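Coordinate inspection notes
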Amino acid sequence: MEYRRFGNDIILRLDPGEEICASLLFLADKEDIMLAGISGLGAINSFTTGVFYTAEKQYHSNDFEGYFEISSLTGTLSRQEDRPYLHVHMSAGDVKGNVFGGHLNRAVVSATAEIVIHIIDGEVGRKYSDEVGLNLFEF
C-alpha cells in the first residue's frame, strides 16, 4: 500500500495480494478518518459480496474467483464506537463481461487498485437499528 494525502483527499494504491477492506480500515485508523467518501477501480482475483435480505435481516454472500476488473467501488468510511466503520459496494466484470457485485466483504488485488478517499469535515456515527437490522448513520 502506498498513498499520498492532498488536503482532504487521499490517493491510494494497493498492490497484488492486498485486501481492499482491511487496507481501507487500516488507513482510516492510521489517518484518524472520521468521515469520508470512497471511490475506486482496479483488478482483483478473489472477492466476496453480499446482498441484504430485508425480511431476514441478514446478508447472503457470494464468493468469486478468477480475473475481474472493478467497474465500480463506492462507499463511506465513518465511525462506530470510536472505530473505523466501512460500508462499500462493488461491481466487477469477468473476462466475458459478466458483472457481479453487492456489499463488499473482501476483495484481493491481482494487479493494482486505485482508490480515492475524500475526507469530509465532521463526524457521523453508526448505530444498529433493530427495525432495519443494519448499522445506520447516526446524525
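Notes on the structure in this doc start here. It should be emphasised that the depicted structure is a prediction, and the values quoted were computed from it without experimental measurement.

The rules we used
- Residues numbered from 1 in each chain as written.
- Predicted model: local features only at pLDDT ≥ 70, side-chain atom pairs only at ≥ 80, totals over all residues.
- Heavy atoms only, no water.
- Pairing = 2+ DSSP bridges.
- Helix = DSSP H or I, 4+ residues; strand = E, 2+ residues; numbered from the N terminus.
- Core = buried A, V, L, I, M, F, W, Y, C linked by side-chain atoms within 4.5 Å.
- Buried < 20%, exposed > 50% of the residue type's maximum accessible area, 1.4 Å probe, protein only.
- Contact = heavy atoms within 4.5 Å.
- Phe/Tyr/Trp six-rings, centres within 6.5 Å; stacked < 30°, edge-to-face > 60°.

Once that is clear, we can look at the pairing of strand 8 (residues 134-138). By the bridge criterion, five bridges tie strand 7 (residues 125-129) to strand 8 in an arrangement that is antiparallel. By the bridge assignment, Gly125 is partnered in strand 8 with Glu138. Linking strand 7 back to strand 8 in an antiparallel pair, the connection comprises four residues, with Gly133 at a positive phi of about 90°.

Ranked by size, the top nonpolar core spans 30 residues in total, and within it Ile20, Ile44, Met90, Ile115 and Ile117 carry the most contacts. Of all the secondary structure elements, the ones that give two or more residues to this core are strand 2 (9-14), helix 1 (20-30), strand 3 (36-53), strand 4 (58-80), strand 5 (83-93) and strand 6 (99-119). Per-element accounting of this core gives the leading share, seven residues, to strand 6. With residues near it in sequence (within four places) discarded, Ile117 still touches Asn8, Asp9, Ile10, Leu12, Leu24, Leu27, Ile33, Ala36, Gly37, Ile38 and Leu77.

Below, the discussion takes up the packing of aromatic side chains. Counting across every chain of the model gives seven aromatic pairs. Both rings, one in Phe47 and one in Phe64, keep their centres 4.7 Å apart while their planes meet at 20°; by these two values the pair is stacked. Here the residue Phe47 occupies a position in strand 3, and Phe64 occupies one in strand 4, the gap between them amounting to 17 residues. Here Phe64 falls in the buried class, since its relative accessible area comes to 16%. Taken together, a centroid distance of 4.9 Å and an interplanar angle of 35° make the contact between Phe64 and Phe100 tilted.

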